[in-house]
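Working through the structure, step by step
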Amino acid sequence: MYEFVQIDPASHADEIAHVWWKAYDPHKPEKDTRKWLEEPQVVKTVFGAKTDGRLVAVVGLTKQLDNAIRGANLSFGGISGVATLPEHRRQRLVRGAFEQLFAYANQENIIYSALAPFDYPFYEKFGYAHAELRHRYTFHRRAIKPIKAPAGITFREYDPVQDAAGVMEVQRSMARFGSRVFQPLWKLQNTDTQHRYVLEQAGEIVGYVHFEFSEPAQWELNMKVNHTWFKYDHVLPALVDLVARFAEQAEEVQWTVGPEVPLEYYIKNPGHEKRTREGEMMVRVIKWREFCQQIRVPLFASEPVVIGLQDENCPWNNGVFQLTPVSGRLEVETTDKPAEIQFNAVQLSSAIGGLLTANRLLRLGALQCGPDAAERFTRIFPPDSYISYVGF
Ligand SMILES: CC(C)(COP(=O)(O)OP(=O)(O)OC[C@H]1O[C@@H](n2cnc3c(N)ncnc32)[C@H](O)[C@@H]1OP(=O)(O)O)[C@@H](O)C(=O)NCCC(=O)NCCS
């Protein structure tokens, strides 16, 4: 028999780390996994299942407040460390833990939630939908066009003490592209300096890049580039120039960026590089009414729309609601009117998550409603203009 529990990660660190070790890192010593719980922001509370007094499944919840989602600073629950010991899998233990987690989040007024999935359909079962994209370019080092950094931009190694606040600002500026995930300040302050660079112009930090090298075969290094952050577009060529200098000593370069970064412009024969789409975070609303009341909506949204919501995991969201945009805010009230759009939880998450819109979902056959209702909903929830939150 299994018993579902909520436990404090500080007093159950060894038990939790044991489940994570078996599920994520069985090739490493168990003590390495224990370190995850020592990161300051990581897991605030854990839901899980026990049998014979032993913890066998866990789902971690992190409450975060550092975000800007549709113009509002929402109370936000990050899900991480989802794991079940192999011998106890497929017995709906994670499902049971999520049920408890959502009830707790509802009580604690946690409005929005995100997670980094290992598998999209698995988390769709809990109402989450894919909400962002990244691209990974893979190319030979000589494929980078020779490029000259604009005059006046210099670079130097990153100093976590001196530069963290400035780099945080650069990172936040990426939200202009709808970039969502950012690293919290504590992480920027507590990082090693290896292969992290800041770009400066007139004393201002205007760019940041991080890369690492790995050795797939003797004498051939591979270079991975992450965190391509630039405050202004003219900084990007300087950043590419910097990466190209380091790429001299690598064979292959793998560069992961948001889709808004036009990396193909800097590749000699675009089309010859390999570009793969990387999925990223999934999101869902935990408290629908509160979400509507707190967000900002565009001023060009002016007409109401009536929606029905059937949310199996968070049944307190169920109902038929009239959404009325008024001067950039959204009024939400339950109504007896017939729903013009009927959403399940995943459809709603897709329509508000920023990547797709109700209009597109309708055209893709993923939503059934009239085009006029989809248009009115899309005006309230247009694509991708604003979200950012701490990544984990
Ligand atoms: C993924 C994992 C956490 C699932 O745990 P579990 O306790 O077996 O999950 P549950 O039994 O509660 O499954 C919930 C639902 O997902 C389905 N499911 C279970 N494992 C799945 C998988 N690997 N892929 C897709 N669906 C899966 C189940 O059939 C069940 O569906 P249902 O409730 O509609 O019948 C577990 O296999 C694990 O620890 N894997 C390794 C670590 C990992 O990848 N964690 C996820 C990190 S994001």
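Residues numbered from 1 in each chain as written. Predicted model: local features only at pLDDT ≥ 70, side-chain atom pairs only at ≥ 80, totals over all residues.

**Some words on the pairing of strand β19 (residues 329–334)**
Note that strand β18 (residues 319–326) and β19 share six bridges and pair antiparallel. Each bridged residue has a counterpart across the sheet, and for F321 the counterpart in β19 is T334. Connecting the antiparallel pair β18 and β19 is a turn made up of two residues, with S327 showing a positive phi of about 50 degrees. (Pairing = 2+ DSSP bridges. Helix = DSSP H or I, 4+ residues; strand = E, 2+ residues; numbered from the N terminus.)

**Examining the site of the ligand**
As a structural note, the neighbourhood of the ligand is formed by 19 residues, with A23, T84, R89, V94 and F118 the closest of them. Counting residues per element, the ones that place at least two in the shell around the ligand are α1 (13–24), β5 (76–84), α3 (93–107) and α4 (120–124). When the residues that make up the shell around the ligand are grouped by side-chain class, the tally is 11 nonpolar, two polar and six charged. (Near = placed C-beta within 6 Å. Nonpolar A, V, L, I, M, F, W, Y, C, P; charged D, E, K, R; others polar.)

**Considering the domain arrangement of the chain**
Domain annotation of the chain identifies domain 1 (3–110), domain 2 (135–279) and domain 3 (288–386). Listed as interface residues are eight residues of domain 1 and, on the opposing side, seven residues of domain 3. The element best represented in the side of domain 1 that touches domain 3 is α3, accounting for three residues. Tallied by class, the residues present in the side of domain 1 that touches domain 3 amount to five nonpolar, two polar and one charged. (Domains from an automatic or database assignment. Contact = placed C-beta atoms within 7 Å.)

**Notes on the sheet that holds β19**
Reading across from one edge, β19-β18-β17-β20 is the order of the four strands in this open sheet, with mixed pairing throughout. Edge strands, defined here as strands with exactly one partner in the open sheet, are β19 and β20 (341–344). This sheet shows a mean twist of 30 degrees between the axes of neighbouring strands, independent of strand direction. Of the strand pairs in this sheet, strand β17 (residues 305–310) and β20 are connected by four bridges, and their pairing is parallel. Each bridged residue has a counterpart across the sheet, and for G308 the counterpart in β20 is Q342. Packing against the sheet, helix α9 (residues 345–352) makes contact with β17 and β20, and its axis sits at approximately 105 degrees to β20. (Axes fitted to C-alpha atoms, helices over the stretch in contact; angles between N-to-C directions.)

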